[in-house]
Amino acid sequence: MAAFSTGTYTAAGVSPLLQYRNSCLRFTSARFKSLVRASATAGRSVASVGQQPPIPLPPALSNNDGSFTNNSITESTELEETTTSIMKDYMEWSKDMIGSGSDGGPPRWFSPLDCGAPMKDSPLLLYLPGIDGIGLGLIKHHRRLGKIFNIWCLHVPVTDRTSFSDLVHLVEATVKSENHHAPRSPIYLLGESFGGCLALAVAARNPHIDLALILANPATRLRESQLQNLIMLSEFIPEQLHPSMVKMLSVTTGVPARVAVAIPGSGHPLQQAVAELFRGDVAFSSYLSVLADVLPVETLIYRLKILKSAAAFVNSRLHAVKAQTLVLSSGKDQLIPSLEESEKLRRMLPNCEIRKFNNSGHVLLLEADFNLVTAITGASFYRRGRHLDFVKDFVPPSTSEFDRVYQPYRWMEVAFNPVMISTLKNGNVVRGLTGIPSEGPVLLVGYHMMLGLELVPLVSRLWNEHKIVLRGIAHPLMFKRLREGNMPALSMYDDYRFMGAVPVSATNFYKLLSSKSHVLLYPGGMREALHRKGEEYKLFWPEQSEFVRMAARFGAKIVPFGTVGEDDIGQILLDYNDLMEIPYFKAGIEELTSQVEKLRNDAEGEVSNQDVHLPIILPKVPGRIYFYFGKPIETEGRKEELKSSEKAHELYLEVKSEVERCIDYLKEKRENDPYRNITARLLYQASHGFDSEVPTFDL
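Because the structure is predicted, anything quoted here is derived from the model rather than measured.

*Asks:* What exactly am I supposed to notice about the overall build of the protein here?
*Replies:* The number of helices and strands found in the protein is 26 helices and 21 strands. Looking at the 699 residues of the protein, the share that counts as buried comes to 58%. The contacts of the protein with a sequence gap of at least 6 include a subset with a gap of at least 24, amounting to 80%. Summed over its atoms, the accessible surface of the protein is roughly 28800 Å², and 52% of this surface lies on carbon and sulfur atoms.

*Asks:* Would you mind going over the packing of aromatic side chains with me for this structure?
*Replies:* Going through the model one piece at a time under the given rule, you end up with 24 aromatic pairs. On the numbers, 5.6 Å between centres and 70° between planes, the contact of Phe 164 with Phe 313 is edge-to-face. Remark: Phe 313 occurs in helix 13 (residues 297–315) and Phe 164 occurs in helix 6 (residues 164–181); sequence separation between them is 149 residues. Across the pair, exposure class does not vary: Phe 164 and Phe 313 are buried alike. Through a chain of ring-to-ring contacts, the aromatic side chains of Phe 149, Tyr 188, Phe 381 and Tyr 382 assemble into a single cluster. Above the plane of the ring of Phe 313 lies Arg 317, whose end atom (NZ or CZ) is 3.7 Å from the centre. Note that Arg 471 overlies the ring of Phe 394, its terminal NZ or CZ placed 4.0 Å from the centroid.

*Asks:* What should I look at first to understand the pattern of salt bridges in this one?
*Replies:* The full count for this structure, using the stated rule, is 30 salt bridges. Arg 383 is the salt-bridge partner of Asp 210, the closest N and O atoms lying 2.8 Å from each other. One end of the pair, Asp 210, is in the loop between helix 7 (194–205) and strand 9 (211–216); the other, Arg 383, is in the loop between helix 15 (372–378) and helix 16 (399–406), and 173 residues separate them in sequence. With a relative accessible area of 17%, Asp 210 lands in the buried category. Relative accessible area serves as the criterion here: at 5%, Arg 383 is assigned to the buried category. A salt bridge links Lys 480 to Glu 597; its shortest N-O distance comes to 3.4 Å. Taken together, the residues span a long stretch of sequence, with Lys 480 in the loop between strand 15 (470–474) and helix 19 (494–498) and Glu 597 in the loop between helix 24 (583–593) and strand 20 (616–619) at a distance of 117 residues. Residue Lys 480 is classed as partly exposed on the basis of its relative accessible area of 43%. Where salt bridges share partners, they join Asp 567, Asp 568, Arg 670, Glu 671 and Arg 676 into one cluster.

*Asks:* In this structure, what is going on with the packing of helix 6 against helix 7? I would like to understand it.
*Replies:* Packed helices, taken two at a time, are described by their axes: the angle between them and the distance between them. It is at 9 Å that the axes of helix 6 and helix 7 come closest, and there the two elements cross at 60°. When the interaxial angle is binned, helix 6 and helix 7 end up oblique. Considering the relative orientation of helix 6 and helix 7, their crossing is right-handed. On helix 7, the residues that touch Phe 164, Leu 167, Val 168, His 169, Val 171, Glu 172 and Val 175 of helix 6 are Phe 194, Cys 197, Leu 198, Ala 201, Val 202 and Arg 205. Taken together, the residues of the contact of helix 6 with helix 7 sort by class into 10 nonpolar, one polar and two charged.

*Asks:* Sorry, what's going on with the pairing of strand 17 (residues 518–521) here?
*Replies:* Side chains His 518 and Leu 520 project from strand 17 onto one buried face, and the interleaved Val 519 and Leu 521 project onto a second face that is buried too. For strand 14 (residues 442–446) and strand 17, the ladder comprises four bridges, and the chain directions are parallel. Directly across from Leu 444, in strand 17, lies its bridge partner Leu 520.

*Asks:* Explain a nonpolar patch on the surface here, please?
*Replies:* There is a patch of nonpolar side chains on the surface, built from Leu 573, Ile 582, Tyr 584, Phe 585, Ile 616 and Leu 618 and spanning about 540 Å² of accessible area. For the nonpolar patch, the elements supplying multiple residues, two or more each, are helix 24 and strand 20. For Leu 573, the location among the structural elements is in strand 19 (residues 570–574). You can call Leu 573 partly exposed: its relative accessible area is 38%.

*Asks:* Can you help me understand the pairing of strand 6 (residues 124–128) in this one?
*Replies:* On a regular strand, one side chain projects to one face of the sheet and the next to the other, so that they alternate. Burial of strand 6 is extensive: five of the five residues sit out of reach of the surface. Judged by which residues are buried, strand 6 turns out to be covered on both faces: Leu 124, Leu 126 and Leu 128 on one side and Leu 125 and Tyr 127 on the other are all buried. Here four bridges tie strand 6 to strand 7 (residues 150–155), and the two strands are oriented parallel to one another. From the neighbouring strand, Leu 126 faces strand 7, where its bridge partner is Trp 152. By the bridge criterion, five bridges tie strand 6 to strand 8 (residues 187–192) in an arrangement that is parallel. Of the residues in strand 8, the one forming a bridge with Leu 124 is Ile 187.

*Asks:* Where do I start with the environment of Glu 660 in this structure?
*Replies:* Structurally, Glu 660 can be placed in helix 25 (residues 645–669). Its relative accessible area of 34% is what places Glu 660 among the partly exposed residues. As for Glu 660 and Gly 562, which are separated by 98 residues in sequence, their C-alpha atoms are 6.9 Å apart.

*Asks:* Sorry, what's going on with the side chain of Asp 575 here?
*Replies:* Looking at the secondary structure, you find Asp 575 in the loop between strand 19 and helix 23 (576–580). Of the side chains with opposite charge, Lys 533 comes closest to the buried, unpaired Asp 575, at an N-O distance of 5.3 Å. At 3.0 Å, the side chain of Asp 575 forms a polar contact with the backbone nitrogen of Lys 533. A polar side-chain atom of Asp 575 sits 3.1 Å from the main-chain amide nitrogen of Asn 577.

*Asks:* Is there a simple way to think about the side chain of Lys 557 in this case?
*Replies:* Mapping Lys 557 onto the fold places it in strand 18 (residues 557–564). Not counting the four nearest positions on each side in its chain, Lys 557 is found in contact with Pro 437, Glu 439, Pro 441, Val 442, Leu 443, Ile 633 and Glu 634.

Scoring rules and cut-offs
- Residues numbered from 1 in each chain as written.
- Predicted model: local features only at pLDDT ≥ 70, side-chain atom pairs only at ≥ 80, totals over all residues.
- Heavy atoms only, no water.
- Helix = DSSP H or I, 4+ residues; strand = E, 2+ residues; numbered from the N terminus.
- Buried < 20%, exposed > 50% of the residue type's maximum accessible area, 1.4 Å probe, protein only.
- Contact = heavy atoms within 4.5 Å.
- Areas by Shrake-Rupley, 256 points an atom, 1.4 Å probe, with all protein chains shown as cover.
- Phe/Tyr/Trp six-rings, centres within 6.5 Å; stacked < 30°, edge-to-face > 60°.
- Lys NZ or Arg CZ within 6 Å of the ring centre and 35° of its normal.
- Salt bridge = Lys/Arg side-chain N within 4 Å of Asp/Glu carboxyl O.
- Axes fitted to C-alpha atoms, helices over the stretch in contact; angles between N-to-C directions.
- Parallel < 35°, antiparallel > 145°, perpendicular 65-115°, else oblique.
- Left-handed = near helix turned anticlockwise from the far one by under 90°.
- Nonpolar A, V, L, I, M, F, W, Y, C, P; charged D, E, K, R; others polar.
- Pairing = 2+ DSSP bridges.
- Patch = residues over 30% accessible without salt bridge, like charges linked within 9 Å, V, L, I, M, F, W, Y side chains within 5 Å.
- Lys, Arg positive; Asp, Glu negative; His and termini not counted.
- Polar contact = N/O pair within 3.5 Å; in protein donor to acceptor, adjacent residues only side chain to side chain.

By themselves, these observations are geometric and do not establish any function.
This is how it looks when you write it as structure tokens:
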């Protein structure tokens, strides 16, 4: 192996893992010793730093609340206070870490002590920090990440002057060693800003290793960025002005270079001036002066220079990157043009997706309303093997994660105020979801409303009341595209994937039932959800049974259900037939349909008509949505009986008939609901409290 150097430590012919094992984390701070442990070295042993017992992180540092849908949450005083608290804690621990590493030594890996043991076969995640080099950027995510990853964080001491190429060699050596140890497991490289360049460089040099890159605002584009201006300033301004430049930069906050023009000679303290310039931006003024203490001026100047070489190195080698890549880009990144750069990377890299956070700044990972695990799982980017297994690799949401993802949809609860009734084993009809079996496997089979309006209330009620994750069998358009075009971005369906939706296939259906899941199936599929005028509540099911035998194989309980209410929410003005009569819309429908996988090509009749289109609907003053779950149908012990195609078809028709009966029941009963109209419901809640349950028809 070629020789390489890390700071003042140089060796040849020795495994890089052993090189930094011997000098790993030679810190003296007792406070920081309790934070980290030496990461797995040769033989994958893990030893605590020092002899002191581990001390968990403070609650403020281990908070994992946040959401991918942070652009739906408006900034508020509470949010600013939360972010400011996180940032201050981060800075304090960063100062402690820097002080602990002041004795020098090469770059090294560490892992947070309180991550706990990850689940079986969890992949390795290497966190590569920005030019600060601190390695604590996961401080609000590490506990949740630690359940699904084996986390190592790279720390580059402030006194270290390792070149970019040597940092690449160090990370590359770790990647090769771990790939040799577990060749069937992917290795995740999470690169933030400068770390994004480092991750891409390693991927370009190792195209045959299974790498998964997560790049948070990667600093691969310095042109037209504030960083480029600062690099130029560092080369020309007098040395005595360097300290002001450190404060001006704020390194990971995104304070632009125009602050430098506003500050000198203004007569105002730096924090006050920046606060006036960025009064609406979260936490800019709260920790600016602290950050200036964290990075010594010499370190900043040096790392700005290697950032320049890093960006040049990566841009000349992007064509060699084959790794699966997820780019997280911020809409308010004032250091680099992250949105533009993410689009460039998506075009240049063969397996790249982007997720945009329009209200976020450069330090996305430290923002209070951002959740990294939600972003990763929503993008279907978490896997433990060579290929994604939608069942095995699913990560159930935590309560806080679900609440944040559900937040933008809460208006549906107010607008539609769903009524849910179910049937017990003895045949009694009750209000609520008590009749749905709590133990799987359970197969819910029902009617698909226009545009799937029933999905959010159904999934959220099962979770909130019974903590049941409903795994939906979904159309492939939510997961992949056959080619680029005008289809909505895949990120539009992240919330569905986050909650466990899987693409329709016999394999996924088999795996869900074998894992005793609660499965949601719509035999009518897209044709039913995009029905025509006058087809409300009509089932478009295939002639032959598609699920009965599989359910019987695992003894699943089949719960037929009906939903009613779409005709009280909107009226179709132009349906598929109308749109196909207009050349412009017809061409658009054909174009959209060609971009996604088409299902049921071998079927006949209307059930095979799965063209992708969006009917034009006139909204109404919201009525109410009603759900009726029929009596569970047992298949336990009927496996041999239902091998007969005739018997299986009889049960299939029984389920279909029961769904139609549930729909007819609801259509009749809702006529006697005094609170079917939203005005009546709001008046009731105004007098009884907005958390009160609104009555409905008598059962």
